[in-house]
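Listed below are the residues making up each chain.
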Amino acid sequence: MKELWGRKVLKKEIEHIEQAERQSQKLVTMQDVNEKTIQCLRCGQIHNKNTVQLANRHYFCPACIQLGRVDTSHEFYHLPEPNPVKRTVNFAWEGQLTEGQQAVSNDLLESVKKGESRMIWAVTGAGKTEMLFETIHYSLERGFRVGIASPRVDVCLELFPRIQAVFPEEPTILLHGKMEEQYRYNKLVVCTTHQLLRFFQAFDVLIIDEVDAFPFVDNELLQYGVGQAIKQTSSLVYLTATPTKELTKKTAQNKLKTSILPARYHRRVLPVPKLKWCSKWHEKIKKGNSPRTLVTKIRTLVTKNDVLIFCPSISLMEKLKEAVEKHFPEVPLACVHSQDPERLEKVLKMRNKEYRILLTSTILERGVTFDGVSVIVLGANHDVFATSALVQIAGRVDRRKEYTAGEVWFLHDGCTKAMKEAIKQIKKMNTLGIERGLIDEM
Ligand SMILES: [Zn+2]
């Protein structure tokens, strides 16, 4: 009945149901908070009873229904995670950590040995996955169960083969909403944060990558899931390049240990965004024109690098694409957004230099690396560009070892707090990197 170890699932999710009926523990799915309200024990959401009552007088949870309906006529099936047993785990990583990465890796290992939580705040392009390997290896050898979760499925898809390559003999499973593979028990799990809702006191070490990314950030349901998925004594590890206010507050109050890696492995400073006034960009684009400031900027940048242009909305982006095409008829370009069926193809073409200019929504703000790009944020003063988004976008530039003179430009008609904050954060990291001797000044 290994499939129920550390799990909390409904009957219909179980493969060997007869055995499960005999052996597993049954847990209630929902519990009364008071006379009027009831809480779902999978996602933690509290509902007004009269809004979630079924015809058979039972109650259900609408909040986590995409994982299969939880209602009070059912129970969860669960078996406790067995105690860790020491073992030997083949570790096939042959890379070398930089001095900065090694320090963070050491901190993390110490935290896991003590069973405490830690945030790793590493700048974009710092190489954060490598810093996890030693800790994962140690944890697996101790017999711990290790989870690596991300709010974004593309991050999971990218992480999974890298983790497998480092632990080639370790059975590893990838869990996300669209997979069809049957669940099986493994000590090493890579999954989306939604999948954590199906675990219960399972993980000794749980690493949450991109903790500030949608949909995890400000999502009580997913955060409840994390709390449920870890063992009572465990280490929770947050990985981020742009921590939320809540996390930085915890760090400042000494409630969360934090390691900062302020420099990239290639020892150059992060490119600091430059501001350029671009009056009435919104109106101009709406009328089908490309602001002159933008055209001039593209013309200069495209002589050295490819150009990524971040736009605040899909409708504006499509209009802008036509306008830009008129000015650069000889330059291959495209636009891409989250609903675009050709999204992956277009990203690949940009990577292969088949496009020189790519207009994009915030979908490409994180998780992608292009060689030799400059970035323009058009309408950087728009609400969609929060501090974390702007820091991530600026972080698309100069990620590879070879220097490309990539630049970051915020085109705006009214500087926002988020823009100022993003620039301040980037500069602060650069200063810290220089102070710690992790950056070679040019
Ligand atoms: Zn629920």
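We now turn to the structure provided with this report. Because the structure is predicted, anything quoted here is derived from the model rather than measured.

Quick notes on the nonpolar core
Consideration 1: Of all hydrophobic cores here, the largest spans 66 residues; its most connected members are Ile136 and Leu364.
Consideration 2: Not counting the four nearest positions on each side in its chain, Leu364 is found in contact with Leu308, Phe310, Val336, Val347, Leu358, Phe370 and Arg396.
Consideration 3: Counting 41 residues, the second-largest nonpolar core is a separate cluster that includes Leu175, Leu206, Leu221 and Leu236.

Examining unusual backbone geometry
Consideration 1: Here the phi dihedral of Arg267 falls at roughly 65°; this positive angle occurs in a residue that is not glycine.
Consideration 2: Relative to the assigned elements, Arg267 resides in the loop between β12 (257-261) and β13 (274-277).
Consideration 3: For Lys353, which is not a glycine, the phi torsion comes out positive at approximately 70°.
Consideration 4: Tracing the backbone through its elements, the reader meets Lys353 in the loop between α10 (343-351) and β16 (357-360).
Consideration 5: In this structure Lys353 comes out as partly exposed when scored by relative accessible area, which is 41%.

A closer look at the environment of Trp277
Consideration 1: Position of Trp277 relative to the elements: it lies in strand β13.
Consideration 2: Counting along the chain gives 27 residues from Trp277 to Lys304, while the straight-line C-alpha distance between them is 22 Å.
Consideration 3: In contact with Trp277, not counting residues within four places along its chain, are Thr293, His412, Asp413 and Gly414.

Regarding the sheet that holds strand β2 (residues 30-32)
Consideration 1: Strand order in the open sheet made by the three strands is β2-β3-β4, with antiparallel pairing throughout. Edge positions in the sheet fall to β2 and β4 (46-48), since each of these pairs with one other strand and no more. Going across the sheet, the axis of each strand differs from the next one's by a mean of 30°, ignoring polarity.
Consideration 2: Taken together, the three bridges between strand β3 (residues 37-40) and β4 define a ladder with antiparallel strand orientation. Following the sheet pairing, Gln39 is matched in β4 by Ile46.

Re the coordination of the zinc ion
Consideration 1: Within the protein, the atoms that donate to the zinc ion are Cys40 (SG), Cys43 (SG), Cys61 (SG) and Cys64 (SG), at distances of 2.3 Å.
Consideration 2: Metal-centred angles of 104 to 114° between the four donor atoms at the zinc ion mark the site as tetrahedral.
Consideration 3: Mapping the donors of the zinc ion onto the primary sequence gives the spacing C-x2-C-x17-C-x2-C. Taken together, the residues Cys40 in strand β3 and Cys64 in the loop between β4 and β5 (75-78) connect sequence positions 24 residues apart.
Consideration 4: The class for Cys64 is buried, based on a relative accessible area of 1%.

The rules behind each value
Residues numbered from 1 in each chain as written. Predicted model: local features only at pLDDT ≥ 70, side-chain atom pairs only at ≥ 80, totals over all residues. Heavy atoms only, no water. Core = buried A, V, L, I, M, F, W, Y, C linked by side-chain atoms within 4.5 Å. Buried < 20%, exposed > 50% of the residue type's maximum accessible area, 1.4 Å probe, protein only. Contact = heavy atoms within 4.5 Å. Helix = DSSP H or I, 4+ residues; strand = E, 2+ residues; numbered from the N terminus. Pairing = 2+ DSSP bridges. Axes fitted to C-alpha atoms, helices over the stretch in contact; angles between N-to-C directions. Donors = N, O, S within 2.8 Å, 3.2 Å for Na, K, Ca; no water. Tetrahedral: all angles 85-135°; square planar, octahedral: opposite > 155°, others 65-115°.

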